[in-house]
Amino acid sequence: MTVSTTWAFNFVDASGSTDFTSRVLSFQINQEVQIGQITTFSGTMTMDNSDNALTPAAGGTYQAFTWFEKVVKITCAVNDGSSTSTAEVGHFIVADLHFNDDGVQSTVRFRLLDPFTFAGRDAVDDIDVSSAAYGYLYAISEQLINATTGFGEISAVAFPKFGATNATVSSINP
């Protein structure tokens, strides 16, 4: 039986999605797992720009594309010969991009960060922890980890179990 995979790379925002799959030359996803910390992801992705369609102010199709205002959604479809299942591999935010033209090939390299890492780069200026809209920070974190209330239909954050038997429900003691 032959198994095949098909990858898709979309830049998504509230108004829709732009598929750049045909331009992606390479990508890499890195995961850092440490005990007692949220797992973080980063990545790099290189796209073909030989037609200068991605170059700012060069007259191309995507010359004014707002790279830093999109979420990069990477999905993979796996076909086992009889059925296809699709999984979302990651959601990233563009942290940096670099245009390269060596006279032979023109590319754009993106440095990608997961939403937690990206959000963690900014200082929290003011949170009213007694507000009904936010609740206490530990309660929000606990809800996010366990995917219980307040966050709709999300899945729990995938914390490593490291051999533990009861790691499905976490509690945070302030």
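Note that the coordinates shown come from a computational prediction; the quantities given were computed from them, not determined experimentally.

Our focus in this paragraph is a nonpolar patch on the surface. Judged by side-chain polarity, Trp 7, Ile 29, Phe 41 and Val 89 come together as a nonpolar surface patch covering roughly 290 Å² of accessible area. Position of Ile 29 among the secondary structure elements: in strand β3 (residues 24–32).

For the rest of this paragraph, the subject is unusual backbone geometry. Even without a glycine there, the phi angle at Asn 52 is positive, about 60 degrees. Even without being glycine, Ala 57 reaches a positive phi, approximately 60 degrees. For Ala 57, the location among the structural elements is in the loop between β4 (40–48) and β5 (71–79).

For the rest of this paragraph, the subject is the packing of aromatic side chains. Tallied over the entire structure, the rule returns twelve aromatic pairs. With a centroid separation of 5.9 Å and 85 degrees between ring planes, the pair formed by Tyr 62 and Phe 65 is classed as edge-to-face. Within the aromatic cluster, the residues linked to one another by ring pairs are Phe 11, Phe 20, Tyr 62, Phe 65, Trp 67 and Phe 110. Sitting above the plane of the Phe 65 ring, Lys 70 keeps its charged end 5.0 Å from the centroid.

Grouped together as the largest cluster of nonpolar side chains are 17 residues, with contacts concentrated most on Phe 11, Met 45, Met 47, Trp 67, Val 72 and Phe 110. Those elements that place two or more of their residues in this core are β1 (4–13), β4, β5, β6 (84–101) and β7 (106–113). Sequence-distant contacts of Val 72, defined by excluding residues within four places in its chain, comprise Asn 10, Phe 11, Met 45, Gly 90, His 91, Phe 92, Val 94 and Leu 112.

Attention shifts here to the sheet that holds strand β2 (residues 16–19). Read across the open sheet, the seven strands follow the order β2-β1-β5-β6-β7-β4-β3; overall the sheet is antiparallel. For this open sheet the edge positions go to β2 and β3, each flanked by a neighbour on one side alone. Along the sheet, successive strands turn relative to each other by an average axial angle of 35 degrees, direction set aside. Taken together, the nine bridges between β5 and β6 define a ladder with antiparallel strand orientation. Directly across from Thr 75, in β6, lies its bridge partner Glu 88.

Turning next to the pairing of β1. Pairing between β1 and β5: nine bridges, direction antiparallel. Paired with Asn 10 across the two strands is Lys 73, which belongs to β5. Sheet analysis places β1 next to β2, joined by four bridges and oriented antiparallel. Across the sheet, residue Phe 11 finds its bridge partner in β2, namely Thr 18. Where β1 folds back onto β2 in an antiparallel hairpin, the turn is made up of two residues.

A few words on the environment of Asp 101. Residue position: Asp 101 is located in strand β6. Judged by relative accessible area, which is 53%, Asp 101 ranks as exposed. Residues Asp 101 and Ser 50, spaced 51 residues apart in sequence, show a C-alpha to C-alpha distance of 8.4 Å. There is a polar contact of 3.0 Å between the side chain of Asp 101 and the backbone nitrogen of Gly 103.

The rules we used
Residues numbered from 1 in each chain as written. Predicted model: local features only at pLDDT ≥ 70, side-chain atom pairs only at ≥ 80, totals over all residues. Heavy atoms only, no water. Patch = residues over 30% accessible without salt bridge, like charges linked within 9 Å, V, L, I, M, F, W, Y side chains within 5 Å. Areas by Shrake-Rupley, 256 points an atom, 1.4 Å probe, with all protein chains shown as cover. Salt bridge = Lys/Arg side-chain N within 4 Å of Asp/Glu carboxyl O. Helix = DSSP H or I, 4+ residues; strand = E, 2+ residues; numbered from the N terminus. Phe/Tyr/Trp six-rings, centres within 6.5 Å; stacked < 30°, edge-to-face > 60°. Lys NZ or Arg CZ within 6 Å of the ring centre and 35° of its normal. Core = buried A, V, L, I, M, F, W, Y, C linked by side-chain atoms within 4.5 Å. Buried < 20%, exposed > 50% of the residue type's maximum accessible area, 1.4 Å probe, protein only. Contact = heavy atoms within 4.5 Å. Pairing = 2+ DSSP bridges. Axes fitted to C-alpha atoms, helices over the stretch in contact; angles between N-to-C directions. Polar contact = N/O pair within 3.5 Å; in protein donor to acceptor, adjacent residues only side chain to side chain.

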